[in-house]
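Geometric and topological summary
As a plain string of letters, each chain reads:
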There are 2 protein chains.
Amino acid sequence: MPCNKFGWHGKFKECGYRVTVGRKEILDVLTKTTGHLSAEEIYLKVHEKYQSIGLTTVYRTLDVLASIGLLQKFDFGDGRARYEIIDATNEKGHHHHLVCTECKRIIDYKDFIDEEVELLRKTEKALSEKYKFEIKNHLIQFYGLCSECQEHR
Amino acid sequence: MPCNKFGWHGKFKECGYRVTVGRKEILDVLTKTTGHLSAEEIYLKVHEKYQSIGLTTVYRTLDVLASIGLLQKFDFGDGRARYEIIDATNEKGHHHHLVCTECKRIIDYKDFIDEEVELLRKTEKALSEKYKFEIKNHLIQFYGLCSECQEHR
DNA sequence: TTTGCTAATGAAAACCATTTCCATTTATAA
DNA sequence: TTATAAATGGAAATGGTTTTCATTAGCAAA
């Protein structure tokens, strides 16, 4: 999968995907919107500008983006997948999530990210060698109760 | 949630849940079977012994077990939830997963678990204080291609 | 620019894991 | 033993996601 030129446009072409109006707009929404959007939320935002783009296309495009490593798909336990652009130059940068199992609220955090990245690098290297597993991505999440939901107990 | 007596039996009672044949058997299957079982797989195993226990009960019991912290629910991207008993005394012990995004194979690993646990403890403490978030559990997963799926490229 | 090939698309239908409904059963404490 | 509410099973409903298929549109080549 030699899909690593700069810019998603090049990456698309390189991987044999065509650049279409829908894909451009979906990527635009994902880039400009912070947060953890569901497919439907993305569809609604895209729909504001292009009424012709359907939910099916949104799903298909999200699959494509995830498969070429531009997008990460999350399961926060609320019954629908949520998506985030993977962008090192993103102001939010590398971060992880605290997931409230009660109200499903998501809190982004980036504390100890440096230490974490170092441990991950080490782990990834060892696991790659030991299991001949080619690591593309990782996921770290904490589950628990947000301050508000603790009070309701 | 003062649900922390020893043994699941006490934990059940303490949390106001009744101990039933179905729940006993489901817990038995989960304890005796290694791996990452789906609800249906658990149902089929339970069904071998007790034909009267339905899939609905399996789902409900899994929810209960997860809510009292005996069970962890996973999403490995194959369209169904998978479950693992959380058991410190388990021979497998604390481990995480490598998920092949191609064939959905799961590899358990426990390399660098000590360093990881230390970092997690530190992170959990800091995040608890900073966000007043009560952490109950965490998830670490690596995504990529297993050795077999790398060859098929 | 035009053409031809094929990927991409939209809308509707299908899919299918999970949840809900509801009448019946069962665990448990009095 | 009995009363009560929790637990249950089976069927139906739910709803996010995927598939189908006829149509549209990228884009490379002429």
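Residues numbered from 1 in each chain as written. Chains lettered and ligands numbered in written order. Predicted model: local features only at pLDDT ≥ 70, side-chain atom pairs only at ≥ 80, totals over all residues. Heavy atoms only, no water.

1. Examining the protein's contact with DNA strand C
- Near DNA strand C lie 20 residues; those nearest to it are S52(A), I53(A), T57(A), R60(A) and Y59(B).
- When the atoms of DNA strand C within 4 Å of the protein are sorted by group, sugar and phosphate make up 67%.
- R18(A) has a polar side-chain atom sitting 3.1 Å from a base oxygen of DNA strand C.
- In the model, a base nitrogen of DNA strand C is placed 2.6 Å from a nitrogen or oxygen of the R60(A) side chain. (Near = heavy atom within 4 Å. Polar contact = N/O pair within 3.5 Å; in protein donor to acceptor, adjacent residues only side chain to side chain.)

2. Let's talk about helix 3 (residues 39-49) of chain B
All names here are of chain B.
- Along helix 3, the positions that sit buried rather than exposed are A39, I42, Y43 and V46. For helix 3, the buried positions fall inside an angular range of 100° around the axis, keeping them on one side.
- Here the buried face of helix 3 lies against helix 2 (21-32), strand 1 (37-38), helix 4 (55-67) and strand 3 (81-85). (Buried < 20%, exposed > 50% of the residue type's maximum accessible area, 1.4 Å probe, protein only. Helix = DSSP H or I, 4+ residues; strand = E, 2+ residues; numbered from the N terminus. Arc of directions from axis to C-beta. Contact = heavy atoms within 4.5 Å.)

3. Overview of unusual backbone geometry
- One non-glycine residue, K104(A), lies in positive phi territory at about 70°.
- Structurally, K104(A) is set in the loop between strand 4 (96-100) and strand 5 (106-109).
- Classification of K104(A) by relative accessible area gives partly exposed; the value is 35%.
- In this structure, F112(B) is a non-glycine residue whose phi angle is positive, near 60°.

4. Points about the packing of helix 2 of chain B against helix 4 of chain B
Residue and element names in this part refer to chain B.
- Running from N to C, helix 2 and helix 4 cross one another at 70°; their axes reach a closest spacing of 10 Å. In terms of orientation, helix 2 lies roughly perpendicular with respect to helix 4. Mapping the contact onto sequence places R23, I26, L27 and L30 in helix 2 and T57, V58, T61, L62, V64 and L65 in helix 4.
- Here the residues of the contact of helix 2 with helix 4 sort into seven nonpolar, two polar and one charged. (Axes fitted to C-alpha atoms, helices over the stretch in contact; angles between N-to-C directions. Parallel < 35°, antiparallel > 145°, perpendicular 65-115°, else oblique. Nonpolar A, V, L, I, M, F, W, Y, C, P; charged D, E, K, R; others polar.)

5. So, the relation of the copies chain A and chain B
- Expressed as a screw operation, the relation of chain A to chain B combines 0.0 Å of axial shift with a rotation of 180°, fitting to an RMSD of 0.1 Å. Overall, the copies show the geometry of a two-fold rotation axis. Residue I140(A) of chain A places its C-alpha closer to the rotation axis than any other residue of that unit, at 2.3 Å.
- Interface overlap between copies is the fraction of interface residues in one copy that are interface residues in the other; for chain A against chain B it reaches 100%, indicating a shared surface. (Least-squares fit on C-alpha atoms with pLDDT ≥ 70 in both.)

6. Let's talk about the sheet that holds strand 6 (residues 134-145) of chain A
- Taken in spatial order, the six strands of this open sheet run 5(A)-4(A)-6(A)-6(B)-4(B)-5(B), and their pairing is mixed. Strand pairing shows two members of the sheet lacking a second neighbour, strand 5 of chain A together with strand 5 (106-109) of chain B, which therefore form its edges. Mean inter-strand twist for the sheet, computed between neighbouring axes without regard to direction, equals 25°.
- Its contacts with the sheet place helix 5 (residues 113-131) of chain A against strand 4, strand 5 and strand 6 of chain A together with strand 4 (96-100), strand 5 and strand 6 (134-145) of chain B, and it is angled at close to 130° to strand 6 of chain A. (Pairing = 2+ DSSP bridges.)

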